[in-house]
Amino acid sequence: MAEQGGNVRFGPDYVRAISPYVAGKPIAEVAREFGLDEAGIVKLASNENPLGMPESARRAVAAAAADLGRYPDANGFELKAALSARFGVPADWLTLGNGSNDILELAAHALVQPGEAIVYAEYSFAVYALATQEVGARAIEVRARDYGHDLDAMAAAITADTRLVFIANPNNPTGTFLPAGQIAAFLAKVPSHVVVVLDEAYNEYLEPAQQYDSIEWVRRYPNLLVSRTFSKAYGLAGLRVGYAVAQPALTDLLNRIRQPFNVNSLAQAAAIAALGDAAFLRESAELNRAGKAQLAGAFERLGLEYVPSSGNFVLVRVGDDDEAGNRVNLALLKQGVIVRPVGGYKLPRWLRITVGLPEENAACIAALETALK
Ligand SMILES: *Cc1c(COP(=O)(O)O)cnc(C)c1O
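Residues numbered from 1 in each chain as written. Predicted model: local features only at pLDDT ≥ 70, side-chain atom pairs only at ≥ 80, totals over all residues. Heavy atoms only, no water.

Caption draft 1: Region of the structure containing the sheet that holds strand E4 (residues 138-142). The strand order across the open sheet formed by seven strands is E2-E8-E7-E6-E5-E3-E4, and the pairing between neighbours is mixed. The open sheet is flanked by strand E2 (94-97) and E4, the only strands paired with a single partner. Here the strands of the sheet are splayed against their neighbours by 20° on average, with no regard to which way each runs. By the bridge criterion, four bridges tie E2 to strand E8 (residues 242-245) in an arrangement that is antiparallel. Across the sheet, the residue bridging to Thr95 is Ala244, located in E8. (Pairing = 2+ DSSP bridges. Helix = DSSP H or I, 4+ residues; strand = E, 2+ residues; numbered from the N terminus. Axes fitted to C-alpha atoms, helices over the stretch in contact; angles between N-to-C directions.)

Caption draft 2: Quick peek at the environment of Gly343. With respect to the helices and strands, Gly343 occurs in the loop between strand E12 (340-341) and strand E13 (350-354). Looking at Gly343, the relative accessible area reads 42%, which means it is partly exposed. For the pair Gly343 and Asp320, spaced 23 residues apart in sequence, the C-alpha to C-alpha distance is 13 Å. (Buried < 20%, exposed > 50% of the residue type's maximum accessible area, 1.4 Å probe, protein only.)

Caption draft 3: The arrangement of the site of the ligand in detail. Around the ligand sit Gly99, Ser100, Asn101, Phe125, Asn172, Asp199, Ala201, Tyr202, Thr229, Ser231, Lys232 and Arg240, and those are all the residues in its vicinity. Here Asn101 contributes a backbone N or O atom positioned 3.0 Å from an oxygen atom of the ligand. Between Arg240 and the ligand, the recorded distance is 2.7 Å, taken from a side-chain N or O atom to an oxygen atom. Considering the ligand on its own, with 380 Å² of exposed area, one finds that the protein chains cover 93% of that surface. Considering every element that reaches the shell around the ligand, the biggest residue donor is helix H5 (residues 99-111), with three residues. Residue composition of the shell around the ligand, by class: three nonpolar, six polar and three charged. (Near = heavy atom within 4 Å. Polar contact = N/O pair within 3.5 Å; in protein donor to acceptor, adjacent residues only side chain to side chain. Areas by Shrake-Rupley, 256 points an atom, 1.4 Å probe, with all protein chains shown as cover. Nonpolar A, V, L, I, M, F, W, Y, C, P; charged D, E, K, R; others polar.)

Caption draft 4: Seen up close, the sheet that holds strand E10 (residues 313-317). Taken together, four strands build an open sheet; the order of strands is E9-E10-E13-E12 and the sheet is antiparallel. Lying at the two open borders of the sheet, with one neighbouring strand each, are strand E9 (306-307) and E12. The pairing of E9 with E10 spans two bridges and is antiparallel. Pairing of Val307 across the sheet is with Leu315, part of E10. Packing of helix H12 (residues 278-301) onto the sheet brings it into contact with E9, E10 and E13, and relative to E10 it is tilted by some 10°. (Contact = heavy atoms within 4.5 Å.)

Caption draft 5: Examining the UniProt feature "modified residue: N6-(pyridoxal phosphate)lysine" (unreviewed entry) in the protein more closely. Per the UniProt record, the feature "modified residue: N6-(pyridoxal phosphate)lysine" (unreviewed entry) sits at Lys232. Along the chain, Lys232 falls in the loop between strand E7 (224-229) and E8. You can call Lys232 buried: its relative accessible area is 14%. In contact with Lys232, not counting residues within four places along its chain, are Ser46, Asn47, Asn49, Ala201, Tyr202 and Tyr205. (UniProt positions renumbered as here; feature names shortened; annotations may be inferred.)

Caption draft 6: Representation of the packing of H5 against helix H10 (residues 248-257). As a packed pair, H5 and H10 sit with axes 9 Å apart at the nearest point and diverge in direction by 95°. Considering the angle they form, H5 stands roughly perpendicular to H10. Mapping the contact onto sequence places Leu106, Ala107, His109, Ala110 and Leu111 in H5 and Leu250, Leu253, Leu254 and Ile257 in H10. Class assignment for the residues of the contact of H5 with H10 results in eight nonpolar, one polar and no charged. (Parallel < 35°, antiparallel > 145°, perpendicular 65-115°, else oblique.)

Caption draft 7: Summary view of the domain arrangement of the protein. What the domain assignment reports for the protein is domain 1 (22-52 + 279-372) and domain 2 (55-275). Computed from C-alpha coordinates alone, the two centres of domain 1 and domain 2 are separated by 26 Å. Every contact between the two is made by 26 residues of domain 1 and, on the other side, 26 residues of domain 2. The largest share of the area that domain 1 buries against domain 2 comes from Leu281, Ser310 and Tyr345, three residues that together contribute 30% of it. (Domains from an automatic or database assignment. Buried area = accessible area lost by both parts, 1.4 Å probe.)

Caption draft 8: Just the pattern of salt bridges, in detail. Counted according to the given criterion, the structure contains 20 salt bridges. Residue Arg219 pairs with Glu216 through a salt bridge whose shortest N-O separation is 2.8 Å. Of this pair, Arg219 and Glu216 both sit in helix H9 (residues 214-220), three residues apart, which is roughly one turn of the helix. Classification of Glu216 as partly exposed rests on a relative accessible area of 39%. For Asp321, the salt bridge goes to Arg327, with nearest N and O atoms at 2.9 Å. Since its relative accessible area comes to 44%, Arg327 is described here as partly exposed. If you follow the salt bridges from partner to partner, you end up with Lys25, Glu29 and Glu33 in one network. (Salt bridge = Lys/Arg side-chain N within 4 Å of Asp/Glu carboxyl O.)

Caption draft 9: Local environment of the pairing of E10. The buried fraction of E10 amounts to four of the five residues, a majority that puts the element mostly inside the structure. Remark: five residues form the turn of the hairpin made by E9 and E10, two consecutive strands paired antiparallel. Looking at chain direction, E10 and E13 are connected through five bridges and run antiparallel. Looking at the pairing, Arg317 lines up with Trp350 of E13.

And the structure:
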């Protein structure tokens, strides 16, 4: 046996090379670190719904809590039935995930071998890089255009050994949006052996004029997987539930490698309730629209460059040097405002701010003004 502290190395190089995901700081942690009262802290760091979870879901969770001695339904029959009715696809076109993060990783694990390639865009969601590294795949990161995906360049970047392309629409952390026409043109030219994961975590926030029917594309393309989540507009981030829509051949592969009970029973019950709660979704979208306008107005008044966002967050440039993001972030934390520095995304001059309640946005703006003085 090797003694403790020896130079034994475990696991493959590609696992040791991973830098773990950095999440938004929890309120309790900031309160401890900065000696602040939790009640006064504003968290606009993780793109959560500022309304919290819908009342309908809260009631469903309370009812489902009575049965927690039992395993969840491994096949998520009722939630799939509800999604199936909503989207007009059979249940065997649906995969449930422990958050849509689970779906993204299932796709990488099911479809890509070590050494094969995965294509994604610069400044796109951090989990694409992580999922790529986890499976020992080769990342092909394609230069962004105006902070968003350059789909022509992404199509051109596909190699013979590319197995997967990740597209976020809208994208996180930049908030950029790809109109339907661009995606349709991209799908038409992607080789049929390459799977496209279209990550629509913020789909429910799209303006009516932006909305498009990605499920129709799933009917048309056997190599397309659309992923969505209950974490953002539906307000269930803590419960961890997302889903994928894809034709049965692709769905079957994901199903083979997922954990049998990857979505817990409280999450399934809450998701069914939230899916049926059109009023909550409408209220969330309206609040988000007003909040984005409030933040944008303040950024313009303060002379701060920002990227117009189609999500529930805004990327804003807070300085001209590569320390600016961390510096302003620290000044905000000291005032009890938690946002997300994005240096890890190679955007060290920027912060990503989640749209909150009007008073939370106002507190964030006031703290930002102080921080920039
Ligand atoms: C938040 C987010 C997700 C995943 O969230 P889950 O809570 O795991 O469903 C996926 N993609 C993008 C682009 C996101 O911003």
